[in-house]
Amino acid sequence: MTAKAPSPGLPAPGPRLLGYAGVRSWARGRACPARLYAASALPSGLRLTLELLLPRSVTLPGQVAPTPDLPAARWQRLGVPRPASFAFFRTSWWITSPRRERDRAREASAGVVLGLELSFCVSSSPLGARAPCGGSMFPALKTELQQPLPDPYEDFMRRHLQYYGYFRVQSGRPPSPVPPPPGPKSGRPREREPVTRAALPKETPQGRRSLSPARVRSRQLLYDEPDSATPRLREPRELFPVLSGRGPLQAPRWPVECEVIRERVQHIEWVPPEPEYFYQSTGNEKVPEIMGEEKGTVVYQLQSVPTEGSYFTSSRVGGKRGSVQQLAVSLHGPEDDTLLFESRFESGNLQKAVKVAAYEYELTLRPDLYTDRHTQWFYFRVQNTRKDVRYRFTIVNLRKPRSLFAVGLRPLLYSQRDACSSRVGWRREGGDIRYFRGGTGSYCLTWTARFPHDRDTCFWAPGYPYTFSDLTRYLRAAARDPARARVCRLRALCCSLAGNPVYLLTVTNPARGPQAAAAKRAVVLSARVHPGESAGSWVMRGFLDFILGSSPDAQLLRDLFVFKVVPMLNPDGVIVGNHRCSLSGRDLNRHYRTLLKDAFPCIWYTRNMVQRLLEEREVLLYCDFHGHSRKNNVFLYGCSSNSRRHWLHERVFPLMLSKNAPEKFSFQSCNFKVQKNREGTGRVVMWRMGIRNSYTLESTFGGSTLGSRRDTHLTTEDLKALGHHICDTLLDFCDPDQTKFIQCLAELTELVHQEIHRKLSELGQDVNLEENWSDIHLSDIESSTSGSDSSLSDGLPAHLLHRAEEVSQKIKMFQKKKKKPLQTRKQRNEQYQNSNSKRFGRGLAGGPLEGRASFATTLQKQPAFLKQLENPGPAAVTQEKVRRQQGQKPGAPASLAPRSLSSARGEPAPGAQPGRRRGGSLVAYPALHVCTYPCP
């Protein structure tokens, strides 16, 4: 190995950077960054310094010493923070005449090949031993050093683009002057064969290598047909991260005001072997007295809760910075039986717990973030339980006047010890249940329960929780399965306000051609726009299990339709444990018409996706999955059509679903009235966009009152089975044989006839339906839906509402400072006459001329002497004082003695005749006194 020595007269006043290179690590054979410095250049030789960035765990030769005291400026030039597990190592040597054997040994041991194009190799031989560079230790390195390197910039750009997937280089293959022949015909688009490494560099006359445009072919070009000469571009990569089959799950992002514990809460799925019946009320349930924290002990309370008046600003993984505080009370020993509460985990909701007796606790739920409303969903953990003790829990701040807890709904209990030992999950527990009105206008729920084990960890919830992490795990498992990944494409529709991805699944079978793909109709499904309605996620889970399966019905559905599925529309609300709102402080299911993309991104992008889908193909059905806390069974809300051609067609699908799931779905509970306060909901907006079959599926928190499942709670398997029934109903609804459709339409006609007759009989009227059928609108015979009133959650989001209030205050301040508009001459005259008439009336009311007001009505202008009586000048005030001194009564008529002809200001006295000045003096004429008498 030789090295080209620099010119003997080369000056080198200080260390000079010669270049960069990749150095093969003698530990693992990997390339590592290095710098070559020329420390000094003398006539006798060149002193070189090589710096390597290597892991500290690497065993190094003796001549290579670590330099832990590397200055911080060196790291700044590298552009990376100083790593703890890496360090710079430095070695130096002299290069003199390459003909000397000793120098050759040193060059070999240092592994230096110095030339115009720098490359390095390091051997494990000690200093002075002969070890030829590129020996048997690194056989691939010897081959690489024999090949000339390309231009550094073009090589860097090629590697950079290759990292992002634009070029793929396969070493060891010869260049192909002609493109490879087309492959076999398949359903997937075919990619052209990538270019080889030998085809990339091309020698130029200047000795530099460049990329040959004829040889460089991107993997972004796809060919739909084997013989097609016109390629198309591959779809761009996603702007937001999607799930991958490797690595940890994407952690949810929380608002920075929320504290989050580090423990991960995850539950097993379990189906009870026996039906779980409703609680049967005896009428003797105890109504506990609400004590409050004044008479009790606070054992758990959240420190900072964003409520009405605040708004969302930022988010981060893990929520609030800093260490997590211990909010539960500290136990005073093993005999202390106080329960330890916790809710600072995903979907958890509990704000405060007050111990009012030995085994009685009053619980306060946290309202939706940035609001002071919507307290319905609860989900919390209790520890330090006792087995043979009857506990009482009372939630004191519920908002709804009616609840399924009043008609038999039992809360859910999860025991961690039972889940680990016997694989038993969520189950219905609780007795002495009562839902009643509290003293402060809110509603209360109380129940008693016994825990199964001592010192156990248990959870309470009104329905089966389904968190954002549960959805992420499910979608990741689907992405890992090759069979399901072949028919399902997963991407991020958008990001929520907190930065959590809103996933969109496109499920369909590959079409045989463009015409077959365009002929497919679409079905749009969504869930969890209300985060506290977890039943919708379990129905969506059952639907995805069926549609991604390998059954013949699932394959037929994928051949017929393109399914667009948004499994969680409000991930932020689900993560923080809200019941109804997002982090904007508003109900998203009232803002589907919004134009505020930044404030309501989940809804805006969903509506935009449906709009683009309608431009491409027909959308047969839209359904949004919800949960209902005040009615049992499962039912649908739809939109009545006014078209004679499609009369009652929107009711066919719900009727078919009731026939496929007769023990869960109630057609009698369905409603198709479009109310004014529901214009912003998803089903109404999609219906007005042109989707005739637009529905909201309501799954109960309770159970069924139908058939053999009467008075029993619905389990997760029941909810997932409902998703299977939706797929079956789609096949029946689109069956080419219209027998079922026609039969359901006839049955609906008869049901509507009966309902109209019943309504008319209640009103005492009789109408011939055959003649006046078109005069009766179907919405007139239906009652309003029993959905939750979210009118308080309508309007601008919380952060924009705060700005709007500031703007309105500024406008009010500006209006106060604004001057009054100028009046016209006519307006001023009228105002003057009105004021004079009022003063004239007040002057007559108490003066000596009382009783003579009739004379004043004949005057067009107020006389001067009446003006004097009303507003006496200084002279009149002086005369009044004189009369008082002379013993006259105040207010007596003035005498006819001559008075001063001018006032104190030099003006003519009232009642004096106008005169003219002679020689600077004012000549006055005798005054004329008019006396009036009342008419007889």
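Not measured: the values here are computed from a predicted model. (Residues numbered from 1 in each chain as written. Predicted model: local features only at pLDDT ≥ 70, side-chain atom pairs only at ≥ 80, totals over all residues. Heavy atoms only, no water.)

K.L.:
Is there a simple way to think about the nonpolar core in this case?
P.N.:
Where a protein is soluble and globular, its nonpolar side chains tend to be buried together. Formed by 87 residues in total, the largest nonpolar core has its most connected members in Phe543, Leu557, Phe563, Phe625, Leu636 and Leu697. With 8 residues, the top contributor of residues to this core is helix α9 (residues 535–547). Among residues more than four places away in sequence, those in contact with Phe563 are Leu505, Thr506, Val507, Val523, Phe543, Ile547, Leu557, Arg558 and Leu730. Within the second largest apolar cluster, 35 residues are counted, among which are Tyr279, Tyr361, Val389 and Trp447. (Core = buried A, V, L, I, M, F, W, Y, C linked by side-chain atoms within 4.5 Å. Buried < 20%, exposed > 50% of the residue type's maximum accessible area, 1.4 Å probe, protein only. Helix = DSSP H or I, 4+ residues; strand = E, 2+ residues; numbered from the N terminus. Contact = heavy atoms within 4.5 Å.)

K.L.:
Explanation requested: the pairing of strand β27 (residues 501–507) in the structure shown.
P.N.:
Each regular strand carries side chains that alternate between the two faces of the sheet. The buried fraction of β27 is high, at 7 of 7 residues. Side-chain alternation along β27 places Pro501, Tyr503, Leu505 and Val507 on one buried face and Val502, Leu504 and Thr506 on a second face that is also buried. Here strand β26 (residues 488–495) folds back onto β27 in antiparallel fashion, the turn holding 5 residues, of which Gly499 has a positive phi close to 95°. Strand direction decides the pairing type here: β27 and strand β29 (residues 561–566), joined by 3 bridges, are antiparallel. (Pairing = 2+ DSSP bridges.)

K.L.:
I'm lost on the sheet that holds strand β23 (residues 431–437) in this one. Help?
P.N.:
Through backbone hydrogen bonds, the strands of a sheet pair up, either in parallel or in antiparallel fashion. Overall, mixed pairing links the 6 strands, which are arranged β14-β17-β18-β20-β24-β23 in an open sheet. Across the chains shown, the open sheet's two edge strands, defined by having one partner strand only, are β14 (297–301) and β23. Sheet twist, expressed as the mean angle between neighbouring strand axes with direction ignored, is 20°. (Axes fitted to C-alpha atoms, helices over the stretch in contact; angles between N-to-C directions.)

K.L.:
What is the right way to read the packing of aromatic side chains from this model?
P.N.:
Under the criterion given, the structure shown has 30 aromatic pairs. Between Tyr414 and Trp426 the ring centres are 5.2 Å apart and the planes differ by 50°, which places this aromatic pair in the tilted class. Of this pair, Tyr414 sits in strand β21 (residues 412–415) while Trp426 sits in the loop between α5 (416–421) and β22 (427–428), and the two are 12 residues apart along the sequence. Using a relative accessible area of 1% as the deciding quantity, one classes Tyr414 as buried. We classify Trp426 as buried; its relative accessible area is 6%. Ring geometry for Tyr466 against Trp538: centres 5.1 Å apart, planes inclined by 75°, an arrangement best described as edge-to-face. Taken as a pair, Tyr466 in the loop between β25 (458–461) and α6 (468–480) and Trp538 in helix α9 lie far apart in primary sequence, 72 residues in all. (Phe/Tyr/Trp six-rings, centres within 6.5 Å; stacked < 30°, edge-to-face > 60°.)

K.L.:
Got a minute to help me understand the UniProt feature "active site" (unreviewed entry) in the protein in this structure?
P.N.:
The sites that UniProt annotates as "active site" (unreviewed entry) are Glu698. When you line up the elements, Glu698 lands in strand β32 (residues 693–700). You can call Glu698 buried: its relative accessible area is 8%. In contact with Glu698, not counting residues within four places along its chain, are His626, Gly627, His628, Asn633, Val634, Phe635 and Tyr637. (UniProt positions renumbered as here; feature names shortened; annotations may be inferred.)

K.L.:
I keep staring at the side chain of Ser442 and nothing clicks. Help me out?
P.N.:
Tracing the backbone through its elements, the reader meets Ser442 in the loop between β23 and β24 (443–449). Within polar-contact distance, the side chain of Ser442 engages the backbone oxygen of Val396 at 3.1 Å. Apart from the residues lying within four places of it in its own chain, the contact partners of Ser442 are Val396, Asn397, Leu398 and Arg437. (Polar contact = N/O pair within 3.5 Å; in protein donor to acceptor, adjacent residues only side chain to side chain.)

K.L.:
What is the right way to look at the sheet that holds β32 in this model?
P.N.:
Pairing in this open sheet of 7 strands is mixed, and the strands run β26-β27-β29-β28-β30-β32-β31 from one edge to the other. Edge positions in the sheet fall to β26 and β31 (634–637), since each has one partner strand and no second. Each neighbouring strand pair of the sheet contributes to a mean axis angle of 20°, computed without reference to strand direction. Taken together, the 8 bridges between strand β30 (residues 619–628) and β32 define a ladder with parallel strand orientation. Residue pairing for β32: Leu621 is matched across the bridge by Asn693.

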